[in-house]
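# Summary of the model geometry
Read off the chains here:
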Protein chains: 2
Amino acid sequence: MAIDAQLIEALGSTKVLVGDAIPDDRRHDYWFLSHLHEHQGRHAPKPACVVRPTSVEDVVATVNTCRDAGVPLIPFGLGSGVCGGVIGHPDHVLLDMSSMNKVRDIDATNLLASFDAGYNGLEAENKVAEQGLTIGHWPQSISVSSVGGWVATRASGQFSTGYGNIEDIIYSIEAVMPDGSVINAGKAPRAAAGPDLRHLLLGSEGTMGIITGVTFSLRRAAEKQSCTAFFAITMVDGFEAQREIIQSGWEPVVMRQYDAQEARRVAGDHFREGLSLVIMVHEGPSEKVDAEIEEITKIAEGFGLESAPSEIVTRWLEHRNHVPSWGELLDKNLIVDTVEISAPWTKVNQIYETAVASLKEGPSNLIGSAHSSHVYRSGINLYFTFVAQTEKPDEMADIYTDNWQRVLTATAKNGGGIAHHHGIGRVRKDYLVNDLGETGVATLRK
Amino acid sequence: MAIDAQLIEALGSTKVLVGDAIPDDRRHDYWFLSHLHEHQGRHAPKPACVVRPTSVEDVVATVNTCRDAGVPLIPFGLGSGVCGGVIGHPDHVLLDMSSMNKVRDIDATNLLASFDAGYNGLEAENKVAEQGLTIGHWPQSISVSSVGGWVATRASGQFSTGYGNIEDIIYSIEAVMPDGSVINAGKAPRAAAGPDLRHLLLGSEGTMGIITGVTFSLRRAAEKQSCTAFFAITMVDGFEAQREIIQSGWEPVVMRQYDAQEARRVAGDHFREGLSLVIMVHEGPSEKVDAEIEEITKIAEGFGLESAPSEIVTRWLEHRNHVPSWGELLDKNLIVDTVEISAPWTKVNQIYETAVASLKEGPSNLIGSAHSSHVYRSGINLYFTFVAQTEKPDEMADIYTDNWQRVLTATAKNGGGIAHHHGIGRVRKDYLVNDLGETGVATLRK
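All of these numbers come straight from a predicted model, not from anything done at the bench.

This paragraph deals with the overall build of chain A. Along the backbone of chain A there are 16 helices and 18 strands. In terms of overall dimensions, chain A is globule-like: its C-alpha atoms have a radius of gyration of 22 Å, near the 22 Å expected for 446 residues. Counting only C-alpha atoms and orienting by the principal axes, one finds that chain A spans roughly 70 × 60 × 40 Å. The 446 residues of chain A split such that 61% are buried. Looking at chain A alone, contacts between residues at least 24 apart form 71% of all its contacts between residues at least 6 apart. Roughly 16500 Å² of accessible area belongs to chain A as shown, and the carbon and sulfur atoms make up 49% of that amount.

And the structure:
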């Protein structure tokens, strides 16, 4: 029996979409290259069928059916991935988790909130906000990504410098394993009960099991939020100020530095030619926020940074998730993407300069720039942006790949980590060995 | 060829101890039950031989030799484990990592310090302190435990409420895998490059690979340290104050609550009958510490807590790692141990009361008490202490096991996690399924 027929037998016909009933947007995620291919008429195929589960039992039945039939099963959240983790294949089954989208529990005493994996991120945040709480995880994709996808990709939010990345926010993960058993990883506030099984699933991008439910460790909404901004004469000055702030024990929830190129867009009318821009958001108990702002201002001034209007930051907060769609850019033959990496403090400037210089050497490139968006005691991330344009549409895919290669090669050669928070997917697959080594890749494969 | 002869061939005779050359203290760790057996003349056997490697290559050769011969290989740090992870067996090889004990690198810019796995914990802390830095990991065993052992057991330090547990402090782990390959897990300040392979090794207690080197993400020594203490009328008042403090966004690096029984010992002359005792240490930039103390004092008073002399805390800081040896206690026929568990806020008091009541019902029991020592947004840990005494030495082992059973059953039945930070070893092996579930245990086994 064909796999779609088997799944209809197992789950009923309403939960299995076949043929024309499969929506076009279940053929790939939000990877630029998939959208370029579509734009140029190279359409990704539809999967053999799409399963829309509404319960853990449905997922178990799907896993068992596909495993027994030897058919690959691809989990799909809300499709906001930007690394090409999902591309349709006519012999594969796509498991559309967006149909598992219920709030399970919100516990304001233990600060825990549980959701089905397919629940929308912004709706989850809004749901806990009703009780004065916050998940504190604000990826740019928050309105179009699922809470399960956050876990599957090891996502970071814009407030990560204060509130941590998804691995610091997750409390427990429910998943269906390849043998059809259900795991509940994470039971207590903290455990030394063998290796932490949540980390088998965090970043697994669908390879280790199907994430069906997640529980987050929440925070109370901050008593106070304030913003600060500073201009820096060089990126190095900005990096050093950021390092001093974080290593002194302060924790602005947001701390970003835009290079002179990007500062033009972010600072708007307040832009100052040639200067980079550091912006911060401070949250917490009122007294802590006040003490933090007083002290980080002294630190910043010590590195020659000059105060900038805080309205730059409030404007950023308002507009931070507005980005042009790939369609608008593709209509102009623009090749655009962002590439996030991470680096120790001693390597970051070398990576920044090497990668930006390399991007600027790209024959069709208009823009090569970067900002930092997540800060750690041991280092920082960089978020590169490239924009290229060509009158030869058939070169666009190669130009795209060439720009990724420029950034990741500069990063790996200069001692950085090739993936900060978007994950691996297809775009970074060949570079993974730079981070994990041969033994690491072999271990994952096993 | 016998395994010891094979290892001598592979590593040379100076690195392989056999027969009488094997020290007695390489037969077991610091588990109470092992010491009881020794005390009563039931001596643990020596292993087939003891390998003392001085390089990663030595460990690779040992792993390959033992694997090919089908002989179990048991890694041993400094022997401070308290769960019976290591017990000698005449057919097993013990890998004594205490011979791998070099400082590899201290990087004061990126706040990273790398050590061989067998390096002594307190020496590591002292080494980075020379440069004004701290690992910030202060287990009670710090002077007798190895940095690799911290990772293998998923240890916690006394300052974990502010500085995190070992998984928050580790930057990278070097290990020799069962196939003899060397893994370096953790390259960047943060990565979304597949599942975090460090977590295969954290808490693995020797089952996944041999940890040979560790790199920690350091902190600068705090600018200011201050202490506060409060009496609480009931444990529940204390828990609620602790919950309010942590959920309000304050982070005292130490926050502990002793029940009325234990407060007697900790408060000394300041003891007040029937009251529990909350102690805190505050560290960080001076302004942050001052703001924290002002606000947490208000919070504590709001829950009816009364300020206590801070010298209680400074005395605790001085004496916190002084504990009687098992030998002194065994000489008096005392059966003593501590059991650490963790629990969500809504479960902790029920667990506390149930477990202490059960300990007090133990027929030979003198003391059943508890304190908390690590605080999280979602909950807290409890550290139970039991003391029993008997005139029938042959009942001591059973009394010991019965007391563990009392605490872990009360914990599991009331929704807690059965292991906070000492690990599993032999003492918790049969309880592991309570935390991980059948699927979790099966996943680890695979």
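Anyway, onward from the coordinates.
Every contact between the two is made by 80 residues of chain A and, on the other side, 80 residues of chain B. Of all residues in chain A, A:Lys187, A:Arg190 and A:Arg377 give up the largest surface area on contact with chain B, accounting jointly for 13% of the area buried on that side. Across the contact surface, chain A and chain B share eight salt bridges. In this structure, B:Arg190 and A:Glu167 form a salt bridge, with 2.6 Å as the shortest nitrogen-oxygen distance. Scanning the region where chain A abuts chain B turns up 41 residue pairs in polar contact (both at pLDDT 80 or more).

Let us now look at the nonpolar core. In terms of nonpolar packing, the biggest core is built from 251 residues, with A:Phe216, A:Leu277, A:Phe384, B:Phe216 and B:Phe384 touching the most fellow members. Not counting chain neighbours up to four residues away, the residues in contact with A:Phe216 comprise A:Leu111, A:Leu112, A:Ala113, A:Phe115, A:Ile135, A:Val147, A:Trp150, A:Ile166, A:Ile169, A:Ile170 and A:Tyr171. Ranked by size, the runner-up nonpolar core spans 21 residues in total, among them B:Ala229, B:Phe231, B:Tyr258 and B:Val313.

Another aspect to go through is the environment of B:Lys102. Residue and element names in this part refer to chain B. With respect to the helices and strands, Lys 102 occurs in the loop between β4 (93-96) and β5 (103-107). Measuring from C-alpha to C-alpha, the distance between Lys 102 and Gly 118 comes to 8.0 Å, with 16 residues separating the pair along the chain. With sequence-adjacent residues up to four places away left out, Lys 102 is seen in contact with Phe 115, Asp 116 and Tyr 119.

Once that is clear, we can look at the confidence of the model for chain A. Across chain A, pLDDT averages 97, with 100% of residues at or above 70. Reported confidence for the predicted complex is 0.96 by ipTM and 0.97 by pTM.

Residues and elements named next belong to chain A. Counting buried positions over the eight residues of strand β17 (residues 365-372) gives six, a clear majority of the element. The sheet contact formed by β17 and strand β18 (residues 379-389) spans six bridges and is antiparallel. Counterpart to Ala 370 in the pairing with β18 is Phe 384. Where β17 folds back on β18, the antiparallel hairpin that results is connected by six residues.

The next point concerns the environment of B:Glu273. All names here are of chain B. Structurally, Glu 273 can be placed in the loop between α10 (260-267) and β14 (276-284). For the pair formed by Glu 273 and Gln 261, sequence separation is twelve residues and the distance between their alpha carbons is 9.0 Å. At 3.0 Å, the side chain of Glu 273 and the side chain of Arg 264 are in polar contact.

Attention now goes to the packing of aromatic side chains. This structure, assessed with the given rule, holds 22 aromatic pairs over all chains. Where B:Phe32 meets B:Tyr400, the ring centres are 5.1 Å apart and the plane angle is 20°; that geometry is what we call stacked. Of this pair, B:Phe32 sits in helix α2 (residues 32-39) while B:Tyr400 sits in helix α15 (residues 396-413), placing them 368 residues apart in sequence. With relative accessibility at 0%, the residue B:Phe32 sits in the buried group. The buried category is assigned to B:Tyr400, whose relative accessible area is 1%. Of the aromatic side chains, those joined through ring pairs into one cluster are A:Tyr30, A:Trp31, A:Phe32, A:Trp326, A:Phe386, A:Tyr400 and A:Trp404. The ring centre of A:Trp316 lies 5.7 Å from the NZ or CZ of A:Arg320, which sits over that ring.

Turning our attention to the relation of the copies chain A and chain B. With an axial shift of 0.0 Å and an RMSD of 0.0 Å, the rotation relating chain A to chain B amounts to 180°. In short, the pair behaves as if placed about a two-fold rotation axis.

What follows deals with the pattern of salt bridges. Going through the model one piece at a time under the given rule, you end up with 50 salt bridges over all chains. Among the salt bridges present, the one from A:Asp196 reaches A:Arg198, with a minimum N-O distance of 2.7 Å. This pair shows no difference in class: A:Asp196 is buried, exactly as A:Arg198 is. For B:Asp24, the salt bridge is made with B:Arg27, and the minimal N-O distance between the two is 3.7 Å. The class for B:Arg27 is buried, based on a relative accessible area of 7%. Taken together, the shared-partner salt bridges in this structure form one network comprising A:Arg154, A:Glu167, B:Arg190, B:Asp196 and B:Arg198.

This part is about the pairing of strand β13 (residues 254-258) of chain B. Remark: a regular strand shows side chains that alternate across the two faces of the sheet. All names here are of chain B. Among the five residues of β13, five are classified as buried, and the element is accordingly described as predominantly covered. A two-sided burial pattern is seen for β13, the buried positions comprising Val 254, Arg 256 and Tyr 258 on one face and Met 255 and Gln 257 on the other. Pairing of β13 with β14, which is carried by five bridges, proceeds in the antiparallel orientation. Pairing of Met 255 across the sheet is with Met 280, part of β14. Pairing geometry for β13 and strand β17 (residues 365-372), over two bridges, is antiparallel. Counted as the bridge partner of Tyr 258 is His 371 from β17.

Of the positions making up helix α1 (residues 3-11) of chain B, those classed as buried are B:Ile3, B:Leu7 and B:Leu11. Along the axis of α1(B), the buried positions cluster into a sector of 50°, meaning they face one direction only.

So, about the sheet that holds strand β6 (residues 112-116) of chain A. Residues and elements named next belong to chain A. If you walk across this open sheet you meet the five strands as β5-β6-β10-β8-β9, and the pairing is antiparallel. Of all the strands in the sheet, the pair left with one neighbour each is β5 (103-107) and β9 (182-185). The mean angle between the axes of side-by-side strands here comes to 10°, regardless of whether they run parallel or antiparallel. Taken together, the six bridges between strand β8 (residues 170-176) and strand β10 (residues 210-217) define a ladder with antiparallel strand orientation. Its bridge partner lying in β10, Ile 170 is registered against Phe 216. Docked against the sheet, helix α3 (residues 56-69) engages β5, β8, β9 and β10, running at close to 50° with respect to β8.

Another point: the sheet that holds β17(A). All names here are of chain A. Pairing within the open sheet is antiparallel, and its seven strands lie in the order β15-β12-β14-β13-β17-β18-β16. Two strands in the sheet have a free side with no partner beyond their single neighbour: β15 (306-308) and β16 (334-344). Direction aside, neighbouring strands of the sheet carry axes that sit 25° apart on average. The sheet contact formed by β16 and β18 spans eleven bridges and is antiparallel. Among the inter-strand pairings, Glu 340 is bridged to a residue of β18, identified as Tyr 383.

Calculation rules
Residues numbered from 1 in each chain as written. Chains lettered and ligands numbered in written order. Predicted model: local features only at pLDDT ≥ 70, side-chain atom pairs only at ≥ 80, totals over all residues. Heavy atoms only, no water. Helix = DSSP H or I, 4+ residues; strand = E, 2+ residues; numbered from the N terminus. Rg over C-alpha atoms; globule rule 2.2 N^0.38 Å. Buried < 20%, exposed > 50% of the residue type's maximum accessible area, 1.4 Å probe, protein only. Contact = heavy atoms within 4.5 Å. Areas by Shrake-Rupley, 256 points an atom, 1.4 Å probe, with all protein chains shown as cover. Buried area = accessible area lost by both parts, 1.4 Å probe. Salt bridge = Lys/Arg side-chain N within 4 Å of Asp/Glu carboxyl O. Polar contact = N/O pair within 3.5 Å; in protein donor to acceptor, adjacent residues only side chain to side chain. Core = buried A, V, L, I, M, F, W, Y, C linked by side-chain atoms within 4.5 Å. pLDDT = per-residue confidence, 0-100. Pairing = 2+ DSSP bridges. Phe/Tyr/Trp six-rings, centres within 6.5 Å; stacked < 30°, edge-to-face > 60°. Lys NZ or Arg CZ within 6 Å of the ring centre and 35° of its normal. Least-squares fit on C-alpha atoms with pLDDT ≥ 70 in both. Arc of directions from axis to C-beta. Axes fitted to C-alpha atoms, helices over the stretch in contact; angles between N-to-C directions.

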